[in-house]
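# Coordinate inspection notes
Residue-level listing of the chains:
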Amino acid sequence: MAAGMTLTAGGDISTQDLNSSSFSRKGTVGNGGAMTLTAGGEIKAIKNEFNNEFPVFSSFSVSQTGNSGQGGDVTLAAKNEITDLYILTLSSSSKSGDVQISSFGDLLIKNTKIITSRQLIINNPLTQQEITLDVSGVGQSGNVSINSKGNLTFNNTRIESDTRSSNPAGNVNITSPGIVTFNNNSKITSNTSSQGKAGSIQIDAKELNLTDASEISASTTADGKAGDITLNTPTLTVSNGAKIFAPLQAKVMAVKSPLMHPIKLILVSVFKTFFLFFS
């Protein structure tokens with residue numbers, strides 16, 4: 001089992017790669033370690049000076065031929081900004097860890113990827129050669145939960161919790177008492193390309209805005225059921241090529257406000273690609 005790690009700062013946290021993982025070519029491996037970062041300021045990355053890539057926060061449990069434990073949970077709490085991160089929590093034969101993000105006020109999540117299911121490339125610690133592991137075909141995706149105490153903005157950010165196995169994809173829950181905005185090609189996907197069910201996506205907000213080719217998707221390309229999308233907001237604005245996509249057999253619900261006023265749906269730039277299905 002990998003050891004967990006906790007970082008706490010009254011101001012900003014600036015970091016490069018963080019890894020708390022278990023790996024073996026054969027045999028059984030333990031759980032990935034939990035990772036918790038709490039900042040009184042921002043959580044931001046220090047890019048690799050050689051390849052300009054964003055640092056990776058990874059907690060995985062992977063065995064190429066044996067059984068694995070669970071991926072470790074990743075928990076981030078920041079005052080108002082999380083920037084330039086690549087968060088991976090994976091398991092080759094068990095459940096990937098969950099990702100939980102919270103803020104102490106308005107929150108901007110920018111240039112960030114949150115992945116709980118995918119193909120994984122790691123370096124062999126003995127030979128330093130790359131090993132490619134397709135962990136999305138067996139293990140179960142983790143859940144993603146993001147809670148802001150103020151407005152919440154996703155800028156060029158991707159949340160991916162898919163399945164390529166009989167296990168379900170992870171769920172994505174986003175909560176804000178204010179305005180939630182997806183811009184600059186931000187995406188949430190919880191899809192299935194196998195027998196497992198796509199995960200559910202739920203957003204609770206006073207106002208929800210999607211723009212600049214951003215996307216919310218819970219779809220299927222195989223036997224697995226598409227996921228449900230629940231948008232609990234009185235006002236939904238979709239513009240500039242943004243889309244909310246799910247097959248017709250999925251449930252896509254725009255829920256009324258707590259005062260039971262009908263949802264206000266605003267469509268802008270309707271000549272660009274846009275899919276919205278209500279069942």
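Residues numbered from 1 in each chain as written. Predicted model: local features only at pLDDT ≥ 70, side-chain atom pairs only at ≥ 80, totals over all residues. Heavy atoms only, no water.

## A word on the overall build of the chain
To be explicit about the condition: Secondary structure elements are defined from DSSP: runs of H or I of at least 4 residues count as helices, runs of E of at least 2 residues count as strands, and each element is numbered from the N terminus. With residues, only the protein chains shown are counted as cover, and all accessible areas are computed by Shrake-Rupley using a 1.4 Å probe.
For the chain, the count of helices and strands is zero helices and 29 strands. As displayed, the chain offers around 12,600 Å² of accessible surface, 48% of which is attributable to carbon and sulfur atoms.

## Let's talk about the packing of aromatic side chains
Heads up, the rule is: Only Phe, Tyr and Trp rings are paired, with Trp represented by its six-membered ring, and only when their centres lie within 6.5 Å; those with planes under 30 degrees apart are stacked, over 60 edge-to-face, the remainder tilted. Think of it in three bands: with a 1.4 Å probe and only protein chains considered, a residue is buried below 20% of the maximum accessible area for its type, exposed above 50%, and partly exposed in between. Working rule: Lys NZ or Arg CZ, within 6 Å of ring centre, within 35 degrees of ring normal, means a charge sits over the ring.
Per the stated rule, a full pass over the model turns up one aromatic pair. Ring geometry for F154 and F182: centres 4.6 Å apart, planes at 10 degrees, overall stacked. Pair noted here: F154 is in strand β17 (residues 152–155) and F182 is in strand β20 (residues 179–183), with a separation of 28 residues, a long-range link. Assigned by exposure class, F154 and F182 land together as buried. Note that K113 overlies the ring of Y86, its terminal NZ or CZ placed 5.4 Å from the centroid.

## Here's the deal with unusual backbone geometry
Positive phi outside glycine occurs at N111, with the angle close to 50 degrees. One can find N111 in the loop between β12 (107–110) and β13 (113–115). Classification of N111 as buried rests on a relative accessible area of 19%.

## Let's talk about the confidence of the model for the chain
Note the threshold: A residue's pLDDT is the predictor's confidence in that residue, given on a scale from 0 to 100. Working rule for contacts: check all heavy atoms of both residues, and any pair within 4.5 Å makes them a contact.
Mean pLDDT over the chain: 76, with 67% of residues reaching 70 or higher. The secondary structure element of the chain with the lowest average pLDDT is strand β29 (residues 264–267), at 44, and the one with the highest is β17, at 98. A low-confidence stretch, residues 256–279 (pLDDT under 50), is modelled with 50 contacts involving residues beyond four sequence positions or located in other chains.

## Concerning the side chain of S214
Short version of the rule: Here a polar contact is recorded for every N or O atom pair within 3.5 Å, except that within protein the pair must consist of a potential hydrogen donor and a potential acceptor, and residues adjacent in sequence are included only if both atoms are side-chain atoms.
You can see S214 is positioned in the loop between β23 (207–210) and β24 (215–217). There is a polar contact of 2.8 Å between the side chain of S214 and the backbone oxygen of T211. With sequence-adjacent residues up to four places away left out, S214 is seen in contact with F182, N183, N184, N185, S186, G241, A242 and K243.

## A look at the nonpolar core
Our working rule: Only buried residues count toward a nonpolar core. Its members are Ala, Val, Leu, Ile, Met, Phe, Trp, Tyr and Cys residues joined through side-chain atoms within 4.5 Å.
Core analysis: the biggest nonpolar cluster contains 42 residues, and L76, I146 and I174 have the highest contact counts within it. In contact with I174, not counting residues within four places along its chain, are I146, L152, F154, V180, F182, I188, Q202, I203 and D204. Of all hydrophobic cores here, the second largest spans six residues; its members include F60, V62, Y86 and I115.

## Details of the pairing of β20
A regular strand places its side chains so that they alternate between the two faces of the sheet. Formally: We call two strands paired when DSSP finds no fewer than two bridges between them.
Within β20, four of the five residues are buried, which leaves the element mostly enclosed by the surrounding structure. Both β17 and β20 contribute to a ladder of four bridges, which runs parallel. Across the sheet, T153 pairs through a bridge with T181, a residue of β20. With four bridges connecting them, β20 and β23 associate as parallel partners. Residue I179 lies in a different strand from β23, and its bridge partner there is E207.

## A few points about the pattern of salt bridges
Here is the rule we go by: Whenever a carboxyl oxygen of Asp or Glu lies within 4 Å of a side-chain nitrogen of Lys or Arg, that contact is scored as a salt bridge.
According to the stated counting rule, one finds five salt bridges in the structure shown. Here K44 and D12 are joined by a salt bridge, their closest N and O atoms 3.6 Å apart. Here the residue K44 occupies a position in strand β6 (residues 43–45), and D12 occupies one in the loop between β1 (5–9) and β2 (13–15), the gap between them amounting to 32 residues. Ionic contacts of the salt-bridge type, sharing partners, join the residues D12, E42 and K44 into one network.

## As for the environment of G170
Structurally, the position occupied by G170 is in the loop between β18 (158–160) and β19 (172–175). Remark: the alpha-carbon pair of G170 and V144, spanning 26 residues in sequence, is separated by 7.3 Å. Those residues in contact with G170, other than ones at most four positions away along the chain, are S141, G142, N143, S161, S190, G199 and S200.

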